[in-house]
Structures are given as structure tokens and as C-alpha cells.
Amino acid sequence: MPVIDTAEGPIWRLRNRRETLTQWFVWLLGLAIFLWCWSRISDATTWFFVWDAPNIASDILGRATPPRWSYIDRLWLPIWDTLNIATLGTIGALILAVPVAFLAARNTTPSRMFIRPVALLIIVSTRSINSLIWALLLIAIIGPGVFAGIVAIAIRSIGFCAKLLYEAIEEIDHSQVEAITATGASRWQVMAYGIVPQIMPAFAGIAVFRWDINIRESTVLGLVGAGGIGLQLQASLNTLAWPQVSLILIVILAAVVISEWVSAKVRGAII
């Protein structure tokens, strides 16, 4: 009979033999799975490189210091492209996410049996594939460049924005909707005057939050040829130009910090 000490005193709990054996079996099963996974990882790992990783990291850090500040003139256009990819991709995602969210919400969908499952499928499918994979597919379809990055960011963001937005639609105050409906308003008027005003703060917060995320994601799209500063990063890594790499990382960090500050200010103003 195990005992648990609390501020009010010990609490005794009766545990029979079956519960004890079940608990031990679960722990042993978890330990066995962990050991099996560790053995698989260990067999596939070259431990020599792992133990030598601190020396390699120190060597790369020495090569990358100091950054090549003269190279910064070639980064203004790529970082501008990155900001454009994130901004235009977010705008495109919001335009597409709004109707999907209304079709997915239980209280606004025209059909819970047919249309809502399709809308939910769109949300899940766009969220489940990473933006880098979308970029690879789009580069094969429409070619490399900034446009492929914009479309990849937009597709990736549809599910995120639509999911949060349709949850906000389902959580609205229905008394306002009922009051407007009682006046004889049409379905579109009910949406425009009873639903949209209630979800606008959530919509604005979602838009800013997703833009902040897309700034981070768009910085690496250039690694697969989708434009932006990641393209310069890939070129510098291929030529082992470590001082350029360190400068590019500093510029990316600065862009992310600024976007985080801007999004925090905007969200604070909205809330």
C-alpha cells in the first residue's frame, strides 16, 4: 500500500497485485523500447565524428571570425526578397484561409457532411507538409526563384491560419448572431455584421503571428533555390566562405529579431 506525503498529511492508496504488475510492465516496456531505439541510433552513428565535433566546431568558428563586413552590400537585395516572400506569402495565405475557415467552422459551413470535411482536409494537408518540401515541388513545376518561395509560404500558411480562424469563428457570441438574424438579415449580412466584427481581433493577431513565423521560414527557402537570403547562404556554404556565412547568419538574426519586435508591438496594440 503506497503512501504519498502531502501538506495535509500522508494519503494511502490501495494497490492490488494486478495494478502493480501492470505498472512495472509498462515501465519495462518503455525501457525496452528506449534501449532498442538507442541501439538503432548508435549503430547508424559514426561516433568518431561525434567526439571530434567540438574540435570541428571550434575550427569553423575560427575561420568564420571576424565576419566579412564588406560583403554586406550584396545582402540588402536578398534580405529584401526574403521579407517580400514572407509578406506576400502571408497575404496570399490569408486571402485563401478566410473562405476555408468559414467552410470548416460548424456554425458557418453550408454542409457539415460534405463541405466541412473537404475544408478540414485542405487545412490538414497544407499544414502537414513543410515549406521546404512545398518549395522543392514548386521549383520543379514553376522553376526556381522568388515566386516559388512566395507560393510555398502561402500554401504552408493556409492550414495554420484557417485552423486558428475557424476555431475563433466557432467560439463567437451567438447571441449577437441571433439578434441580427431576428431583424430579417440575410445570411451574408449576418456574417458581415454578426460574425466578422467578433473575429477581427483574432484575425489580426493570427496574421501578424503567421507573418512572424514566415520571416523565419523564408530565410531558408533559398537553400533549395526559392530565392531570398538563403540562396546567398547556400552559395557561401558551397565555397566554404565562412566569414560570409557568419555575416549572413548575423543579418538573418537581425531580421528575425526586428520582425519579432514588430509583431509583438502590433499584437500588443491589437490586444
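Because the structure is predicted, anything quoted here is derived from the model rather than measured. (Residues numbered from 1 in each chain as written. Predicted model: local features only at pLDDT ≥ 70, side-chain atom pairs only at ≥ 80, totals over all residues. Heavy atoms only, no water.)

For the bond from T65 to P66, the omega torsion is -5°, close enough to zero to count as cis. Counting through the fold element by element, P66 comes out in the loop between α3 (53-64) and α4 (76-104). A positive phi angle, close to 55°, is found at L240, a residue other than glycine. Summarising the element assignment, L240 is placed in the loop between α10 (229-238) and α11 (242-270). (Helix = DSSP H or I, 4+ residues; strand = E, 2+ residues; numbered from the N terminus.)

Grouped together as the largest cluster of nonpolar side chains are 25 residues, with contacts concentrated most on I169, I195 and I199. Broken down by secondary-structure element, the contributors of at least two residues to this core are α4, α5 (115-128), α7 (146-170), α8 (174-182) and α9 (187-218). If sequence neighbours within four positions are ignored, I169 has contacts with A101, F102, A105, N107, T108, I195 and I199. I79, W242, I252 and V256 belong to the second-largest nonpolar core, a separate cluster that totals 17 residues. (Core = buried A, V, L, I, M, F, W, Y, C linked by side-chain atoms within 4.5 Å. Buried < 20%, exposed > 50% of the residue type's maximum accessible area, 1.4 Å probe, protein only. Contact = heavy atoms within 4.5 Å.)

Attention now moves to α7. Every α-helix winds through 3.6 residues per turn, so residues three or four apart in the chain are directed the same way. For α7, built from 25 residues, the straight-helix expectation of 36 Å at 1.5 Å per residue is met to within 8% by its first-to-last C-alpha distance of 36 Å. Its maximal kink placed at S157, α7 deviates by approximately 35°. The buried fraction of α7 amounts to 18 of the 25 residues, a majority that puts the element mostly inside the structure. (Expected span 1.5 Å × (residues − 1). Bend = angle between axes of the 7 residues up to and from the residue.)

Looking at the protein, the pLDDT average stands at 84 and 93% of residues meet or exceed 70. Of all helices and strands in the protein, the one with the weakest mean pLDDT is strand β1 (residues 3-6) (51), whereas α4 scores best (91). (pLDDT = per-residue confidence, 0-100.)

Okay, the side chain of Q244 next. Within the element layout of this structure, Q244 appears in helix α11. In contact with Q244, not counting residues within four places along its chain, are R68, Y71 and S236.

So, about the packing of aromatic side chains. In total, this model carries 1 aromatic pair according to the counting rule given. The side chain of R210 reaches across the aromatic face of F160, ending 4.8 Å from its centre. (Phe/Tyr/Trp six-rings, centres within 6.5 Å; stacked < 30°, edge-to-face > 60°. Lys NZ or Arg CZ within 6 Å of the ring centre and 35° of its normal.)

With 14 residues, α5 extends 20 Å from end C-alpha to end C-alpha; this agrees with the ideal 20 Å at 1.5 Å per step. Along α5, the residues that are buried comprise R116, A119, I123 and T126. An end-on view of α5 places all buried positions within 105° of arc, on one side of the element. Residues of α5 that are exposed and angled more than 90 degrees away from the buried face: L121, V124 and S128. Its buried side turned inward, α5 meets α4, α6 (131-142) and α7. (Arc of directions from axis to C-beta.)

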